[in-house]
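Chain by chain, the residues:
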Amino acid sequence: MMPGISNIMWSSARSEAALEAALPVPIEIRCLRTAKRLRLRFDDATGGLLLTCPWRTSRRAALAWALDQRDWIEAQLARAEPNEPFAPGAAIPFEGEDIRIVWDASAPRTPQLGDGELRTGGPEDGVARRIELFLKRRALETMSREVGEFAAAAGSSATGVSVGDAGSRWGSCSSRGRIRLSWRLILAPPNVRRYVVAHEVAHLVHLDHSARFKALEARLFGPGLAEAKATLRRIGPRLRRLGRQR
Ligand SMILES: [Zn+2]
């Protein structure tokens, strides 16, 4: 996050399209009634820029301002961590513990977890896909069970549980009681995963973030909610880079 600058100055005569094309990464611009100044940040989920600006700021003015921050943008890009593909030899977290991906052509294709290793056979070019499939399956099994447990404690039940990989969201709960969670949560320590599950289950009862919602979320999760939340904020960017190609 960089400090916003309230004093907007631009003199460039370039077109909107030219300004946008001069930026090194895609940009999303949101004008907010509550924004008092322009603010630029990186969206870890998309790898693009997110610019929030005061209501009625023209798109062209916003783009020109963003372009003036090019040094900052370049510095952020240089600092950005690389993706971590699921490749043989790679170390990845599983339920918060480091394990190593091992490819052994003579081993069964279906990945086996044990002794700090996730071992898979079959053709090498399918390793990443098989590892991801394994993780998604484990994520769905584990979190379906946890949804059931939390929902019983909340006196409610979900109409469905699924896993996906939806941008910047770790979980969602529809008004019809369908809970969707990021499969990447199986990589995180259990308390982080359980916090997201408890949060979405609490939405089965309250579809808002009211005080009653927060009380239920805290009751379901138990002590340590703030720590779990803070950990997710800290490790979230890496979780999103895991399993993505370079
Ligand atoms: Zn929520």
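Attention in this report is confined to the structure presented alongside it. (Residues numbered from 1 in each chain as written. Predicted model: local features only at pLDDT ≥ 70, side-chain atom pairs only at ≥ 80, totals over all residues. Heavy atoms only, no water.)

1. Description of the coordination of the zinc ion
Item 1. In the first shell of the zinc ion, the protein supplies H199 (NE2), H203 (NE2) and H209 (NE2), at 2.1 Å from the metal.
Item 2. As a motif over one chain, the donors of the zinc ion read H-x3-H-x5-H.
Item 3. A relative accessible area of 10% places H203 in the buried class.
Item 4. The exposure class assigned to H209 is exposed, which follows from its relative accessible area of 52%. (Donors = N, O, S within 2.8 Å, 3.2 Å for Na, K, Ca; no water. Buried < 20%, exposed > 50% of the residue type's maximum accessible area, 1.4 Å probe, protein only.)

2. What about the sheet that holds strand β6 (residues 112-114)?
Item 1. Spatial ordering of the open sheet is given by β4-β5-β7-β6, a layout of four strands whose pairing is mixed. The open sheet has two free edges, formed respectively by β4 (91-94) and β6, since each of these has just one partner strand. Strand-to-strand, the axes of this sheet are offset by a mean angle of 35°, without reference to chain direction.
Item 2. Bridging between β6 and strand β7 (residues 117-120) involves three bridges; their strand directions are antiparallel. Residue G114 lies in a different strand from β7, and its bridge partner there is E117.
Item 3. Most of the contacts of helix α4 (residues 127-154) go to β7, to which it runs at about 125°, and overall it touches β4, β5 (97-103), β6 and β7. (Pairing = 2+ DSSP bridges. Helix = DSSP H or I, 4+ residues; strand = E, 2+ residues; numbered from the N terminus. Axes fitted to C-alpha atoms, helices over the stretch in contact; angles between N-to-C directions. Contact = heavy atoms within 4.5 Å.)

3. Regarding the nonpolar core
Item 1. Of all hydrophobic cores here, the largest spans 44 residues; its most connected members are F86, L135, L181, V201, L220, L232 and L239.
Item 2. Every element with two or more residues in this core is listed here: β4, β5, α4, β10 (178-182), α5 (190-205), α6 (211-221) and α7 (225-241).
Item 3. Looking at this core element by element, the count peaks at ten residues for α4.
Item 4. Residues in contact with L135, not counting those within four places in the same chain, are F86, I92, F94, W183, I186 and L187.
Item 5. In terms of nonpolar packing, the next biggest core, distinct from the first, is built from 19 residues, A62, A64, L67 and I73 among them. (Core = buried A, V, L, I, M, F, W, Y, C linked by side-chain atoms within 4.5 Å.)

4. Considering the pattern of salt bridges
Item 1. A full pass over the atoms with the stated rule returns twelve salt bridges.
Item 2. Measuring nitrogen to oxygen at the nearest pair gives 3.6 Å for the salt bridge that ties E16 to R59. With E16 in helix α1 (residues 16-21) and R59 in helix α2 (residues 59-68), this residue pair connects regions lying 43 residues apart in the sequence.
Item 3. Salt bridges here are not isolated pairs; linked through shared partners, they connect E95, E146, R193 and R194. (Salt bridge = Lys/Arg side-chain N within 4 Å of Asp/Glu carboxyl O.)

5. Regarding the packing of aromatic side chains
Item 1. On inspection of all chains with the given rule, the structure shows three aromatic pairs.
Item 2. When the ring of F42 is compared with that of W72, the centres are 6.2 Å apart and the planes differ by 40°; the resulting orientation is tilted. Here the residue F42 occupies a position in strand β2 (residues 39-43), and W72 occupies one in helix α3 (residues 70-79), the gap between them amounting to 30 residues. Grouping residues by exposure puts F42 and W72 together as buried.
Item 3. Taking 6.4 Å as the distance between ring centres and 40° as the angle between the ring planes, the aromatic pair formed by F94 and F134 counts as tilted. Here F94, found in strand β4, pairs with F134, found in helix α4; they are 40 residues apart in sequence, far enough to count as distant.
Item 4. Classification of F94 by relative accessible area gives buried; the value is 7%. (Phe/Tyr/Trp six-rings, centres within 6.5 Å; stacked < 30°, edge-to-face > 60°.)

6. Regarding the sheet that holds strand β3 (residues 48-54)
Item 1. What the three strands build is an open sheet, ordered β1-β3-β2; its pairing is mixed. Since the sheet does not close on itself, it has two edges, and those belong to β1 (27-32) and β2, each with one partner. The sheet shows a mean angle of 25° between the axes of neighbouring strands, taken without regard to direction.
Item 2. Taken strand by strand, α2 contacts β1, β2 and β3, and its axis lies near 125° from that of β1.

7. A few points about the packing of α5 against α6
Item 1. The geometry of α5 relative to α6 is characterised by a closest axis approach of 9 Å and an angle of 135° between their N-to-C directions. Between α5 and α6, the interaxial angle falls into the category oblique. Between α5 and α6 the crossing geometry is right-handed. Residues N191, R194, Y195, A198, H199, V201, A202, H203 and V205 of α5 touch α6, and the partners they reach there are F213, L216, E217, L220 and F221.
Item 2. Residues that form the contact of α5 with α6 fall into these classes: nine nonpolar, three polar and two charged. (Parallel < 35°, antiparallel > 145°, perpendicular 65-115°, else oblique. Left-handed = near helix turned anticlockwise from the far one by under 90°. Nonpolar A, V, L, I, M, F, W, Y, C, P; charged D, E, K, R; others polar.)

Remember, this is a structural readout, not a statement about activity or role.
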